Amino acid sequence: MCRAPMFFLLNQITSMEVKTSENHLKVYKMKKKVLRKQVRAQHTLMRHEGIECVSHGTQSLVIANAGLGNGMSRQQLLKIVEEYGLVETLLMPPNKPYSFVKYGTTEEAKKAFDALNGKEVTLEDFGQNIVLYINFVEKVFCKNAVPTSLPPGLMVIENIISPEEERRMLESIDWVGDEDTQNAQQTLRHRRVKHFGYEFCYDNNNVDKDKPLPGGIPPHIDTHSAFEDEIISLSLGAEIVMDFKHPDGHTVAIMLPRCSLLVMAGESRYLWTHGITPRKYDVIQASELGRKVGTITSDVRDLTLNRRETRTSFTFRKVRRSPCNCIYPSVCDSQKGHQRQLQPSFPHNEMEASKLEQEYVHQVYEEIARHFSSTRHSAWPRIVEFLKSLPKGSIVADVGCGNGKYLGINEDLYMVGCDRSKNLVDICGEKNLEAFVCDALSVPISSGSCDACISIAVIHHFSTAERRLASIRELARLLRPGGTALIYVWAMEQEYKNQKSKYLKEKNGSRDKEEEISAAAAQRPLSDQMPDSGRRGLARSDRLLNDGKDEVSNAEPVTDSRLPVHTNRTSFHSQDLLVPWHLKGGTKKKGESVDTASFTAGSKESQELSPVFHRYYHVFCEGELEAACRSLDCVRVQKSYYDQGNWCVVLEKL
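Summary of the structure given here.

1. A word on the overall build of the protein
Secondary structure summary: the protein contains 15 helices and 30 strands in total. Taking all 654 residues of the protein together, the buried fraction comes to 49%.

Written out as structure tokens, the structure is:
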């Protein structure tokens, strides 16, 4: 009688042991899973950011599954991490599934690590459960974000209408679908449309001008031949982020507030694609100022999520009645197959020279600025040597500074840059460098105010001897007596003293591949009707000086005024020529020539092939640059030399 309870007790103890063992197994499996996820998060961080996690405690943590990319808002994450100590920094990279947090002390970070690693939380805005995985990192890396410029020609005008006018406009829209609206809905998955005047065909971004109407936007450029320059769009009902993209890959996100008017003109209308990505949330600035209007910067210290509401827009386009003649032929359907058919001629007067430089220098650099800048990051040693040799506190002007790669070389100097390209000057601004837009022939700096000037790869873009000499004279004007200027120009002699220049050596190399172009494309004239335009031999466009001073050229006079197109990475066969720039972003099949000007914008071919732009150059013969400098009475040449395919002069103001 007494043994039954004992058997029951033993059985009960055995059941408890089994449950305890099962719980231990669950805990073990959970810890193993958390560890596996931690390791995966470490690999992701190393792959995306190049940041290595550490096993010892630090002030900084990386929190996987708690990023803007998977729906965690800044407000919610702050609420979670602030429970464990003072948060000095919270960084949330856009579109990434992780965030960085830095605590005031290592102890606080350890406390957060112990509490949050493997913890399940619910995303407030999504109602979805996620598990946090934590790792220690040595430092939280953060680059100072700089404001991004609006695409040229774009404006956003706030409060163009009142809230009451907005309400009345929204109420006036009759969304009851007619046949045309229903047809449009078959093409559009993420929005409803209603057309007035002419029906917009979304399959080709065009209109049928012969059929006037009786009564998430994929990235696109509104067809040039269909509409005039300015396109305006009124935003009602809710704010939204619209994405703009340049052909070189540079993107800008623009906040469009309620009751605001978007105006696209010029480059922003003709060259940049614009669109609204279908999504539930936009990444925006957490600060109130960032919510209103303007570009969304990449400041990871101030980004959060904003739930989208229903936005209604009124878009106004004026139907074009004549072919488009814009300056962006690579994306212009009106200029398909016949734009720039002929090489430009060598200029015979000041007006022609200015026009040639405007089209084949200034406009080209505006279009390729971002891509060009990405290939111009290594400073040339002898230029650095010149800048380092200047006395501390010297005032230096970099005339034709490009992306500003020399402006920060010597911090002991007061350097300012200027360039004809606004887009390149904007890049200088993004680097917090001092630069402004101007022409090298007329620099708005007081005479005699500079201790030194540099002009690197600029003067060879001027198309006549007179304009090249004027640019040197302008450099001299800026210098104080005793001040010095360093000038670099591209040399005709790319093989000098039996040594090939870097330009020729890299013909088959990996560097600067973005400038490579098939020989067939480069040698082929811009029009197939000009078969003899590239066979001029050694031809100089003009004599530098006619007064007998330092005559330097054996070249024969020009017999054909058309400018030839140079084959990249080969020796020069003419002093005045067009050098192709193959804009990054496209590919070509082996043996094919490239010229997207012959394809309709948006066609399959134009998407596969990148645009080719042509830049005007005058390459200098040996002694030519020095002779030009010696012709000026106000300067003397301290020294001249050859440096990797360039002729160089250091001159002193008398």
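2. So, helix α3 (residues 106-116)
If you check which residues of α3 are buried, you get Ala109, Ala112, Phe113 and Leu116. Seen end-on, α3 carries its buried residues on one side only, within an arc spanning 105°. Seen from the open side of α3, the exposed residues pointing more than 90 degrees away from its buried face are Glu107 and Asp114. Of the residues trailing α3, Gly118 is marked for its positive phi of about 85°.

3. Describing the pairing of strand β4 (residues 98-103)
Most of β4 is tucked away: 5 of the 6 residues are buried. As paired elements, strand β2 (residues 60-64) and β4 share 5 bridges and run antiparallel to each other. In the sheet register, Ser60 faces β4, and the bridge partner there is Lys102. Examined bridge by bridge, strand β3 (residues 87-91) and β4 share 4 bridges and lie antiparallel to one another. Each residue of the ladder has a partner; that of Leu90, found in β4, is Val101. Between β3 and β4, which pair antiparallel in sequence order, lie 6 residues; one of them, Asn95, sits at a positive phi of approximately 65°.

4. Topic: the nonpolar core
By size, the foremost hydrophobic cluster in this structure holds 34 residues, and its most contacted members are Val399, Cys453, Ile472, Ile487, Leu625, Cys629 and Leu651. When residues of this core are traced back to their parent elements, those giving at least two are β20 (395-399), β23 (450-456), α11 (465-478), β24 (479-490), α15 (624-630), β29 (635-642) and β30 (646-653). A per-element tally of this core places α11 first, with 5 residues. Sequence-distant contacts of Cys629, defined by excluding residues within four places in its chain, comprise Ile472, Ile487, Val635, Val637, Val649 and Leu651.

Scoring rules and cut-offs
Residues numbered from 1 in each chain as written. Predicted model: local features only at pLDDT ≥ 70, side-chain atom pairs only at ≥ 80, totals over all residues. Heavy atoms only, no water. Helix = DSSP H or I, 4+ residues; strand = E, 2+ residues; numbered from the N terminus. Buried < 20%, exposed > 50% of the residue type's maximum accessible area, 1.4 Å probe, protein only. Arc of directions from axis to C-beta. Pairing = 2+ DSSP bridges. Core = buried A, V, L, I, M, F, W, Y, C linked by side-chain atoms within 4.5 Å. Contact = heavy atoms within 4.5 Å.

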